[in-house]
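Structural features, examined
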Amino acid sequence: MDALLQFIFSGVTVGAVYALVALGFTIIYNASDVVNFAQGEFVMLGGMITVFAHQAGLPLALAAVLAIIVTAAIGVALNKLAIEPARGAPVVSVIIITIGASILIRGATQLIFDKQLHRFPAFSGDDPIRVMGATILPQSLWVTGGALVVFAGLWLFFTRTLTGKAVLATANNRIAAQLVGINTGAIMTLSFGLSAAIGALAGVLITPITLVSYDVGVALALKGFAAAMLGGMGNPKGALVGGLMLGLLEALTAGYLSSQYKDAVAFIVILAVLFVMPQGIFGKSSTERV
Amino acid sequence: MMAGRRKWLQLGVLAALIVLLPLFFPSGYYYRVGALIFVNALSVVGLVILIGYAGQISLGHAGFAGIGAYACALAPQHLGLHPGLAMLLGALISGVVALLIGRPILRLKGYYLAVATLGFGILMSMVLTNERALTGGPDGMSVEDLGLRAMLRELGWRLSGGEMWYGVSGIALLIGAWVALNLLDSPSGRAMRALHGSEIAASTVGIDIARQKLRAFVISAVYASIAGSLLALQNGFITPDVAGFMHSIEMVTMAVLGGVGSVFGGILGAAILTFLPQLLTVFAEYEQLVLGAVMILVMIFLPQGLLPSIGRRIGRKGE
Amino acid sequence: MSLLEVSGLGIAFGGLMAVNDVSFAVKPGEIVSVIGPNGAGKTTLFNMISGIYRPGRGAVRLNGEDVTGEAPHRLAEKGLSRTFQNLQIFQEMTVLDNVLAGYHLQERGPIWADLLSLPSMRRRATIARDGARALLERVRLDKTEGQQAGSLSYGSLKRLEIARALALNPKILLLDEPAAGCNAVETEEIDHLITELAGSGIAILLVEHDMKLVMRISSHIIVLDHGEKIAEGDPATVSRDPQVIAAYLGAGQEEEAEC
């Protein structure tokens, strides 16, 4: 029982990170129909930039804010320099472009920083909190709390603000959105910036627990994608549920089955979801028109 | 008839290149580079069939290269099979695996297909990395010698390892290109290109779409598997990287860089991306940076790939 | 006996009945036209008959055999062929290859023969190529056989699609607006072609907006409105039917805008 609770704690913590990565996928996918394989790199950048800004003498909070801003700027640049010029290209091309971007960012990071593993201190110390025989790190609370705040904030943004509604309208029907005067180009820029910032925040929150190095992005992107698919591509609620479910599945697999193959869970989930319910939990089905 | 003549002309040019290129090699080391180019090109030709003909993407084909490579490493050791037969066994296993997973996977489209194939590739490399007892884990394992060099020596033909593998890989590539060109101008090839153009129209003229996609997937898997085997045999050593995500991506990038619509585009892409890191060895740290930049720039500025874009430019000048 | 028999066919999209309870039959050599205002469900009906949509209810019989919901390529094997209202051409392939694709069922063979370019494959391909060239001549596209299909004009693509559909050597041919976008001369040609095909014993099911063409060549007309069959009969009967006139008057402006 204690063990189970322990696995649930760690599952929810990683799950929250997957949910944030999945949310990043969802935002960009909704605005532009692009699946951004460089999403994991945003998380990596969030962690790495914070580490080096902090080492350079900046207070941790300021370093984190700087990391989020810089990463958001990189997200916007990615859209402007690589995605927009290829508008209308076939899916294969877009896949190659975003994978190319992820390799480029990884290559640049190892040149500018280094190839070592890094961490910075947890926000509220490293003394575990005891809960019913299991323990939880204060940083885990920061991660889950942070994720919940982001999801709540975004929900308010999409339902209460004009800009948020414009994003939803663009996701629904780009041409119709243009016709009613929405600047869909600006929406795309906003989506990439927002998505990168969310990724970076996830990186800032999780680094004290899992550490960061230039190559952690690929695995995170793939798991975030698995989570997004599990929940139903393009649905923020699905991203949250999918992320948490994947995190729990992974933690339970590691605990009860095999820690070596815990990373396989994400891909088995992807394949299972695709074969059994291609629309995910919250997705809608569509009919092809001739 | 016209198409037939063109096919032999293209193959003739390729054969001439393979034979004449060594005249310009500054050192014996380049035989190794050449052999590597041919092996990569072989797996890329398989992807040209899958992506270029049939229009289906795979981000997991390194998984099949892994099957081919480890078949050559494991079968001689555990089953006492000759490495050459192990290569065929690997191709058979890859084909069967492709047949089994292809059926459900190929119902998917676009991003979903990309991620499902990627998932397969990663599971494959995870198994190779984790089953240490069998595969030696991330450190890899050694591969038995093919014995071809010794055989040739007995026939009085003394070749260095590099020279021999240059020849063997070159012949394998020629055969691979010949088969791919045959397919292009055949009923199956036409059916694949047709479903690439419009799945609905293809099915209404009687093309069994699922079956044709599966054929392309299985054929390309066998190409990747044989290339993986050749790689293992010529290196005499293999690590799970051969099945890794990056290898899959490199394969697709090579195909797309040269021009995924044509066999020779794929070969050109393989040649460039294999040779580039050799040039950059001094700047090894820049390799990822350059690879990423090349992928983005080519897709934006030469979406059809190098070969068709060059061809079009020449064509325009001719007019 | 009827070649194609449709009974009680219906399908709903998002709760709305797009086609509801439509029944009719087509005999060999007959030209049956489906007419009706835009959005009446004509193309949806075609898509159900040709296996692209699975009907929600009802049945489709081909030669007496129940083929409801079978995949398009199975129906093609059983002698059903079609064209599309909004053109489904293999743009990147040559004109000749487009028609050759229509010969798929006749030229296909074991995959080994294709991979190794065995003589048996080349024999099959040569027969198909000769047939495809003859068809291209028939629709006057023989001069363009080496061009990329995407470079042809709209009218030529319409004819190319008919040639491809004919390559299957069909027993029944579904033509979805073959004359749309064609000038008077081209329409006249299509008129002749359809009559000729019917004369050779092929059953024709036609959707067409050109009423003059429909009235001239149809042996039987089905009128759809809001997904339901509101009338049927020979051209003279249908054109006098008050319900048909009402449906067309209601949608009269749209029709004119299109012509």
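Here goes a summary of the coordinates provided. Quick caveat, the model's predicted, so the values are computed rather than measured.

Another aspect to go through is the sheet that holds strand E4 (residues 57–62) of chain C. Within a sheet, adjacent strands bond to each other through the backbone by hydrogen bonds, running parallel or antiparallel. Pairing within the open sheet is antiparallel, and its 4 strands lie in the order E2-E1-E4-E5 (chain C). Both outer strands of the open sheet, strand E2 (16–26) and strand E5 (65–66) of chain C, are each paired with one neighbouring strand and no more.

A few words on the pairing of E2(C). Residue and element names in this part refer to chain C. For strand E1 (residues 4–13) and E2, the ladder comprises 7 bridges, and the chain directions are antiparallel. From the neighbouring strand, Ile11 faces E2, where its bridge partner is Val19. Hairpin connection from E1 to E2: 2 residues lie between these consecutive antiparallel strands, with Gly14 at a positive phi of about 50°.

Bringing the sheet that holds strand E3 (residues 31–35) of chain C into the picture now. Residue and element names in this part refer to chain C. With mixed pairing, the 6 strands of this open sheet are ordered in space as E6-E7-E8-E3-E9-E10. Bordering the open sheet on either side are strand E6 (80–82) and strand E10 (228–233), each of which pairs with just one other strand. For this sheet the average axis-to-axis angle between neighbouring strands, irrespective of direction, equals 20°. Pairing of strand E9 (residues 220–225) with E10, which is carried by 5 bridges, proceeds in the antiparallel orientation. From the neighbouring strand, Ile221 faces E10, where its bridge partner is Gly233. Those strands touched by helix H8 (residues 184–199) are E3, strand E7 (172–176) and strand E8 (203–207), and its axis lies near 150° from that of E8.

Applying the stated criterion across every chain, the model contains 4 cavities of 30 Å³ or more. The volume enclosed by the largest cavity comes to roughly 50 Å³. Around the largest cavity, the lining residues are A:Phe37, A:Ile99, A:Ser102, A:Arg106, A:Val218, A:Ala221, A:Leu222 and B:Phe245. The set of elements that each furnish at least two residues to the lining of the largest cavity consists of helix H4 (91–112) and helix H9 (217–231) of chain A.

Attention now moves to H9(A). Owing to its 3.6 residues per turn, the α-helix brings residues three or four apart onto one side. Taking 1.5 Å per residue as the helical rise, H9(A) with its 15 residues ought to reach 21 Å, and the 21 Å between its terminal C-alpha atoms agrees with that figure. A:Gly232 occupies a position one or two residues after H9(A) and carries a positive phi of about 110°.

Aromatic rings in a pair are described by how distant their centres are and how their planes are angled relative to each other. Within the structure shown, the criterion is met by 16 aromatic pairs over all chains. Plain terms: the ring middles of A:Phe157 and A:Phe158 are 5.4 Å apart, the flat faces sit at 50° to each other, and that makes the pair tilted. Given a relative accessible area of 11%, A:Phe158 falls into the buried group. Ring centres of B:Tyr31 and B:Tyr166 lie 5.4 Å apart, and the angle between their planes is 90°; on these two criteria the pair is classed as edge-to-face. Separated by 135 residues along the polypeptide, B:Tyr31 in helix H2 (residues 29–53) and B:Tyr166 in helix H8 (residues 161–184) bring together distant segments of the chain.

With 24 residues, helix H3 (residues 60–83) of chain A extends 33 Å between its outermost C-alpha atoms, agreeing within 8% with the 34 Å of an ideal straight helix rising 1.5 Å per residue. Of the residues making up H3(A), those classed as buried are A:Leu60, A:Ala63, A:Ala64, A:Ala67, A:Thr71, A:Ala72, A:Gly75, A:Leu78, A:Asn79, A:Ala82 and A:Ile83. In this structure, the buried residues of H3(A) make contact with helix H2 (39–55), H4 and helix H8 (184–210) of chain A together with helix H14 (287–301) of chain B.

Let us now look at the interface of chain A and chain B. Listed per partner, the contact involves 44 residues of chain A and 39 residues of chain B. Roughly 3700 Å² of surface becomes buried between chain A and chain B when both sides are summed, with 80% attributable to carbon and sulfur atoms. Counting across the interface, chain A meets chain B through 0 salt bridges. Between chain A and chain B we count 3 residue pairs in polar contact (both at pLDDT 80 or more) in total. Listed by contribution, the elements that provide at least two residues to the side of chain A that touches chain B are H3, H4, H9 and helix H11 (264–276) of chain A. The leading source of residues in the side of chain A that touches chain B is H4(A), at 17 residues.

Membership of the largest hydrophobic core comes to 174 residues, with the highest contact counts inside it found for A:Phe37, A:Phe267, B:Ile49, B:Leu59, B:Ile238 and B:Val263. Once residues lying within four places of it in the same chain are set aside, the contact partners of B:Ile49 are B:Ala54, B:Ala180, B:Leu183, B:Met192, B:Ala216, B:Ile219 and B:Tyr223. The next biggest cluster of nonpolar side chains, apart from the first, holds 37 residues, and it includes C:Val139, C:Ile162, C:Ala165 and C:Leu193.

Residues and elements named next belong to chain B. A contiguous nonpolar surface patch, about 860 Å² in accessible area, is contributed by Leu9, Val13, Leu17, Val19, Leu20, Leu21, Leu23 and Phe24. Along the polypeptide, Leu21 turns up in the loop between helix H1 (2–20) and H2. Taking relative accessible area as the criterion, Leu21 reaches 37% and is therefore assigned partly exposed.

Calculation notes
- Residues numbered from 1 in each chain as written.
- Chains lettered and ligands numbered in written order.
- Predicted model: local features only at pLDDT ≥ 70, side-chain atom pairs only at ≥ 80, totals over all residues.
- Heavy atoms only, no water.
- Pairing = 2+ DSSP bridges.
- Helix = DSSP H or I, 4+ residues; strand = E, 2+ residues; numbered from the N terminus.
- Axes fitted to C-alpha atoms, helices over the stretch in contact; angles between N-to-C directions.
- Contact = heavy atoms within 4.5 Å.
- 1 Å grid on protein atoms, 1.4 Å probe; cavity = no way out; pocket = protein on both sides within 12 Å on 5 of 7 lines; lining within 4 Å.
- Points joined across faces, edges and corners; volume = space filled by probe spheres on them.
- Expected span 1.5 Å × (residues − 1).
- Phe/Tyr/Trp six-rings, centres within 6.5 Å; stacked < 30°, edge-to-face > 60°.
- Buried < 20%, exposed > 50% of the residue type's maximum accessible area, 1.4 Å probe, protein only.
- Buried area = accessible area lost by both parts, 1.4 Å probe.
- Salt bridge = Lys/Arg side-chain N within 4 Å of Asp/Glu carboxyl O.
- Polar contact = N/O pair within 3.5 Å; in protein donor to acceptor, adjacent residues only side chain to side chain.
- Core = buried A, V, L, I, M, F, W, Y, C linked by side-chain atoms within 4.5 Å.
- Patch = residues over 30% accessible without salt bridge, like charges linked within 9 Å, V, L, I, M, F, W, Y side chains within 5 Å.
- Areas by Shrake-Rupley, 256 points an atom, 1.4 Å probe, with all protein chains shown as cover.

Don't take any of this as a statement about function, it's just geometry.
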